[in-house]
Every structure is written in C-alpha cells, then in structure tokens.
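This is what each chain is made of:
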Amino acid sequence: MRKITIGFILCSFALQSFAVQPSLEGFNYASVTAPVGSEWQSPENLALNKEQPRAYFFSFQDVESARKVLPENSSYWQSLNGNWKFNWAPDPDSRPKDFYRTDYNATTWDNIQVPCSWNIVGIQKDGTLKYGVPIYVNQPVIFQHSVKVDDWRGGVMRTPPANWTTFKHRNEVGSFLRDFEIPQNWDGREVFISFDGVDSFFYLWINGQYVGFSKNSRNTANFNITKYLRKGKNIIAAEVYRSSDGSFLEAQDMFRLPGIFRTVALYSTPKLQVRDLNVIPDLDNTYTNGSLAISADIRNLGNKKAKGYKLVYSLYANKLYSDDNTLVSEATATATIPVVEASQQADAQKVVMQVQNPNKWSAEFPYRYTLVAELKDVKNKTVETVSTIVGFREVEIKDTPASEDEFGLAGRYYYVNGKTVKLKGVNRHESNPGVGHAITREMMEKEIMLMKRANINHVRNSHYPDDPYWYYLCNKYGIYLEDEANIESHEYYYGKASLSHPIEWKNAHVARVMEMVHANINNPSIVIWSLGNEAGPGQNFVAAYDALKVADKSRPVQYERNNDIVDMGSNQYPSISWVRGAVKEIGRASCRE
C-alpha cells in the first residue's frame, strides 16, 4: 500500500475527470405512470427509479448532531416504522389491484406493525395462520423448479406438486398503506424514502403516483420522492411480492419470510448534496501513524450550476465503547469541488488525511473516530453536514516465514494492524421465533453482548448484508465481520445449471455485491468481503469480483465456490474427515520443519 508522508494530499486529477461512481446495469430511470406487471419476473431489470447505492450516512442540522452519527439524531430524518394498513393475498390475482389510489377505502384492512414478517405476525393464539405459512427450506426455492439449464426461464408461478405450501398460496402479496406529513423545516429540500429490507420485491406509489420498484431484499432501497409530495397528508402504498426472480438468488438455508422487515424512513437533503462519502483507512509501515483516504460525490438537484463549493473535513476521537467524542485538533482537510451543473454530479477532490499515532481499531480495542464533512459555499456558509464512523486498521494477507510464526509454521497468514489474528467466529442469520426476520435493536444489542462474553470475535453475516444497526454495534464493541452479498442460488447447485453462468444474471450478481460494498464500505468492523454463498463458480462472479476491487482494494475477498478468483481460500462446510486430514497435514509440516 502506498504511504502518504504529508498532512494531506489533494488529488487534482478528479478536477479534470469528473469521475463518479459507475451506474449499476439494470437500474433504470424513467417517468412511468404504471407498472408493466412483469417486473418481478425479469432478471435483467433490477430496479426502476431506485437511487444508486451509497454509503450509509445522513444529513444533519449541525456538527454537534452529526457527531452522534445515528440518523435519529438528525432533524432531517423521520421514521415511518409503526402502524400501517395491511392486506394479505394468497396470489397476485387476488390482490387489491387499485389500492394505491388516493380515494381507495382501506378502513376495513388490518393494522400491522412495520417492520414485520407477515407470516409470523399472522400466527394466531389457536395456531391458525392468518397471513400465509412460514416456510423453511435449505437448498431449494419455495416454488416449482428443477435442476437443468435455463430452468429459471419458467419463472416463479409454475404449478408445484399439490402437497407443497405454494400450491395453494402460489405467491403471496402484501399491500401496505400509511400516511405521513413532511416537517416544515424540510421545505425546499429533496425528500427521499428508504426501505432497509423488503422481501423479496415491491412496487412503490406516493399519493397515487407510481414511483418505481426494487428487488434485492437485504440492501437499502432509496427513492427520491420530492416531486410526488404535497402539502399536508401524503400517502405511501407498497405492494410486496413474496417470490420474484430475485428469489432465485435468495435460496439461503433459513425460513423464507416475506414482509417489510427492516426500518422504513424519510430523509431530506439540500439541492446540492453529498451524494456519497467513502473513507479508506491505512497505516504506515510500522503500524503507528494512520491516514484516511477520503472521496465524495457531489450531486446538484437544483436548476442552477453550483460553483465555488468545498468540503471541509474534521475528525473526532470516540471514547472506547462510547459515542462521546472530542475533536482531533490537527486532523483536518479541505477538498475543492469543481463546478457542478444542474442535474449533474461530480467528484470532490480526493484528500488523504494524516493522523499521528491514532488509536487503532481491533476487536480487542475497537477505537472509533467520527469523520464530519461540511459542504460549504463560496461565502463559507455550511450547506450540508454529514458524518460517518471510521477506524484506523489495516487488513493484510502476507507470506510469513516459519521464524516469524508462533508455532514455527510458514504460510500465508491473516493480519490486522500488523498482528496475526485467530478468528473465533460464528455464522449469524437474522432470525427470531417471535418476530421472524424483523430483528429489533434490543435483540441485536443482547446478541453482541452474549458474543463478547463468549469470546467470539468474528461473525460471518450469512448469507446477506445485515441491518445497518448491526454494523454500528460491531464497530462500537469490536467484532471482525465478513460481509456477504445477498446471493445464494443453491437450488441449481454448481454445474451448468448454475445462475453464475447465464449473461442474463450478470447484472444481478454484480449489483448485489456492489450494493453491499457501497453501503458498508466505511465500517471498520468489516475485514473480509464475501461474494455470496453456494451459488456456483461462473463468470458472473468474476465480474462481481472485478467491480468490487475497483471500489475497495483494502480488504480481502473470499468466495468458497471458486477459490481461484478471490484473494483467500476457504472451505466453509468441511467434513470431519477433511478437518482430520488438514490437521494431519499441519502436523507433518511441523515435523518437516
């Protein structure tokens, strides 16, 4: 890794290139009055009018609020969790097709708490099921399919055997409604809605106007809804499908539970906004001094060009295990911003901030820092303030001679901050018998405390990115994370039928990896990326790996089904005999030494 030796460097090439994050293929943008109706069975068509992915951060009213990082500390964020009107249908033909109309009467509908897994909510005290059946399967999908090339072209509505649950409930559809009002201090700002998790596909309307759709159940879907809003009461309508083409890539070994199972919220930004903010840490050759490579995309949603703006960065050191922080006096940097034309975006100049002997982040001592970025105009007036948690840590895989190994064995070893690390880990699903996949913050907090007491220092987010609050906790309390893309097509196994081969599925593989990476790149707790789980060895994963490495070269990547294309080998589900053989081989190597 290249080391920086001055306070900060301005990378002026950004001024000429105006380079911004490449748009993901399959994300489409258009003014459309109504869905076609086939979007949920169209593998190359990933989203309509969904924002390109970005890091998880928010706009705050001032620096003091931004230092607290979590969105509930922002006056420009509003939760939509709570009571929604809900209708359950066993199949698409039975759904209320015009429920999104503003004159639709849903007073007889049930009330349901969002977030939720509706199958679980529907379990009655007498054991009857009001909202469909919770289905557990390991390798297959829950709809009719067979292991053969191009089987996926048959879609998700084929007739399964009569003893399958989905014979009767072919593809459940949940229709959700609620109203909201926009705070007065949001006037003149852009307003977005975010869905942190919807399984597996949904259409969205605001005030009866069609906004778009999203698939990929475990990455945040953001939509700009500014032009659909009105004064006073506004109405959201979301139509959620249990099964979609996205379900072919979501065959994880778990209960398959549909619903809006994570937070729904509104947030607002100024017309000229920090669209994305990425921070990559590094340490010098002695692992003493640190640096932060900072890049930002600036977007102009106004009708006039923006000229003379800059980004001013400041750094705050958090107390161990605390959100309290203090200013690091000499850790500052300023990045100039090129002219940003109306309806366009551009890169701010890249800066590298040097920090002398910072506290390092590790699972044992998870020291965090809070980076605050202020977008200022030509008169030095702050237009927007955003923030993100960062940590100074460096991950490496190095060839290590026997003389430097505590057991006297040479090999390629995994290092964090210049020290070999033994990962004592577990796989973690977001699942609870009481709430299904709608895990609460309190549950996550209890879970991480239990892990720390049990001396667990590593978690594989299996087999998908987790709720944003989980990363906050792992950053704060010290867990080494392997963040895994929401890809598992185990139903087709690993031969010619695998979805890792067809070109029609390339967009989905790349997008699911990149949505994960862009959202979570700033988290110091993430020390390994995973391309997915049990989904075949094909070229679609090569494309996903190549795209990931353009965005982040600071972490190793693993993918068990094709160890040849990634940075570190793995055998995630070894047999007892395999483990015995590996131990014997280590013993033989030790004797040879």
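Residues numbered from 1 in each chain as written. Predicted model: local features only at pLDDT ≥ 70, side-chain atom pairs only at ≥ 80, totals over all residues. Heavy atoms only, no water.

Peer 1: How should I be thinking about the packing of helix α5 (residues 441-453) against helix α6 (residues 468-477) in this particular structure?
Peer 2: Packed helices, taken two at a time, are described by their axes: the angle between them and the distance between them. At their nearest, the axes of α5 and α6 sit 10 Å apart, and the two run at 35 degrees to each other. For the pair α5 and α6, the sense of crossing is right-handed. Of α6, the residues touching α5 (which contributes R441, M444, E445, E447, I448, M449, M451 and K452) are Y469, W470, L473, C474 and Y477. When grouped by side-chain class, the residues that make up the contact of α5 with α6 number nine nonpolar, no polar and four charged. (Axes fitted to C-alpha atoms, helices over the stretch in contact; angles between N-to-C directions. Helix = DSSP H or I, 4+ residues; strand = E, 2+ residues; numbered from the N terminus. Left-handed = near helix turned anticlockwise from the far one by under 90°. Contact = heavy atoms within 4.5 Å. Nonpolar A, V, L, I, M, F, W, Y, C, P; charged D, E, K, R; others polar.)

Peer 1: Just checking my understanding: could you explain empty space enclosed by the protein for this structure?
Peer 2: Taken as a whole, this structure holds five cavities of 30 Å³ or more when the rule is applied. Lining the largest cavity we find 16 residues, and of these D199, R242, S247, E250 and R256 sit closest to its centre. Class assignment of the residues belonging to the lining of the largest cavity gives a composition of six nonpolar, five polar and five charged. Looking at the second largest cavity, its volume works out to about 100 Å³. Lining the second largest cavity we find 14 residues, and of these R54, Y267, T269, Q273 and V274 sit closest to its centre. Secondary structure elements with two or more residues in the lining of the second largest cavity: β18 (264-269), β19 (272-283) and β26 (382-390). Looking at the lining of the second largest cavity element by element, the count peaks at three residues for β19. (1 Å grid on protein atoms, 1.4 Å probe; cavity = no way out; pocket = protein on both sides within 12 Å on 5 of 7 lines; lining within 4 Å. Points joined across faces, edges and corners; volume = space filled by probe spheres on them.)

Peer 1: How should the sheet that holds strand β2 (residues 27-28) be read in this particular structure?
Peer 2: What the eight strands build is an open sheet, ordered β2-β3-β13-β12-β15-β9-β6-β7; its pairing is mixed. Lying at the two open borders of the sheet, with one neighbouring strand each, are β2 and β7 (110-114). (Pairing = 2+ DSSP bridges.)

Peer 1: How do you make sense of the confidence of the model for the protein chain when you look at a structure like this?
Peer 2: One rule of thumb: low pLDDT means the predicted coordinates there are not for detailed reading. Looking at the protein chain, the pLDDT average stands at 94 and 95% of residues meet or exceed 70. Within the model, pLDDT remains below 50 along residues 1-19, and this stretch shows 44 contacts once partners closer than five positions in the same chain are excluded. Counting contacts from residues 587-593, a segment whose pLDDT is below 50, to residues more than four positions away or on other chains yields five contacts. (pLDDT = per-residue confidence, 0-100.)

Peer 1: Explain the environment of L473 here, please?
Peer 2: Note that L473 resides in helix α6. C-alpha of L473 to C-alpha of E445: the two residues are 28 residues apart in sequence and 7.2 Å apart in space. Non-local contacts of L473, meaning those with residues more than four positions away in its chain, are made with M444, E445, I448 and G478.

Peer 1: How do you make sense of the side chain of R54 when you look at a structure like this?
Peer 2: Inspection of the secondary structure puts R54 in the loop between β3 (47-48) and β4 (59-60). For the buried R54, which has no salt bridge, the nearest side chain bearing the opposite charge is D276, at an N-O separation of 5.8 Å. Reaching out from R54, the side chain makes a polar contact with the backbone oxygen of F57 at a distance of 3.1 Å. Leave out the neighbours within four places in its chain, and R54 touches N222, Y267, R275, D276, H518 and A519. (Buried < 20%, exposed > 50% of the residue type's maximum accessible area, 1.4 Å probe, protein only. Lys, Arg positive; Asp, Glu negative; His and termini not counted. Salt bridge = Lys/Arg side-chain N within 4 Å of Asp/Glu carboxyl O. Polar contact = N/O pair within 3.5 Å; in protein donor to acceptor, adjacent residues only side chain to side chain.)

Peer 1: Please clarify how the side chain of S194 should be interpreted in this entry.
Peer 2: Position of S194 relative to the elements: it lies in strand β10 (residues 190-195). Judged by its relative accessible area of 6%, S194 falls in the buried class. Every residue in contact with S194, bar those within four places of it in the chain, is listed here: T220, A221, N222, T263, V264, A265 and Y267.

Peer 1: I keep staring at the pattern of salt bridges and nothing clicks. Help me out?
Peer 2: Close approach of charged atoms allows side chains with opposite charge to pair. Inspection of the entire model under this criterion finds 30 salt bridges. Close ionic contact of R67 with E64 constitutes a salt bridge, the shortest N to O distance being 3.0 Å. R460 serves as the salt-bridge partner of E482, at 3.8 Å between the closest nitrogen and oxygen. Of this pair, E482 sits in strand β32 (residues 480-484) while R460 sits in strand β31 (residues 458-461), and the two are 22 residues apart along the sequence. Classification of E482 as buried rests on a relative accessible area of 7%. One continuous salt-bridge network, built from bridges that share partners, spans D150, R153 and E504.

Peer 1: Whenever I open this one, α6 confuses me. Can you help?
Peer 2: Side chains of residues three or four places apart in an α-helix project in the same direction, reflecting 3.6 residues per turn. Among the 10 residues in α6, 10 count as buried, and that is most of the element. For α6, the complete set of buried residues consists of P468, Y469, W470, Y471, Y472, L473, C474, N475, K476 and Y477. Measuring from the backbone nitrogen of Y469 back to the side-chain oxygen at the start of α6 gives 2.8 Å, which picks out D467 as the cap. With its phi angle positive at about 95 degrees, G478 sits one or two positions after the end of α6.

Peer 1: Can you help me understand the sheet that holds β31 in this one?
Peer 2: Whether parallel or antiparallel, the strands of a sheet pair through hydrogen bonds between backbone atoms. With parallel pairing, the five strands of this open sheet are ordered in space as β30-β31-β32-β33-β34. Because the sheet does not close on itself, it has two edges, and the strands there are β30 (425-428) and β34 (557-558). Of the pairings in the sheet, the one linking β30 to β31 comprises four bridges and is parallel in character. Pairing of R428 across the sheet is with N461, part of β31. Strand contacts of helix α7 (residues 506-520): β32 and β33 (526-530), with the helix running at about 170 degrees to β33, the strand carrying the most contacts.

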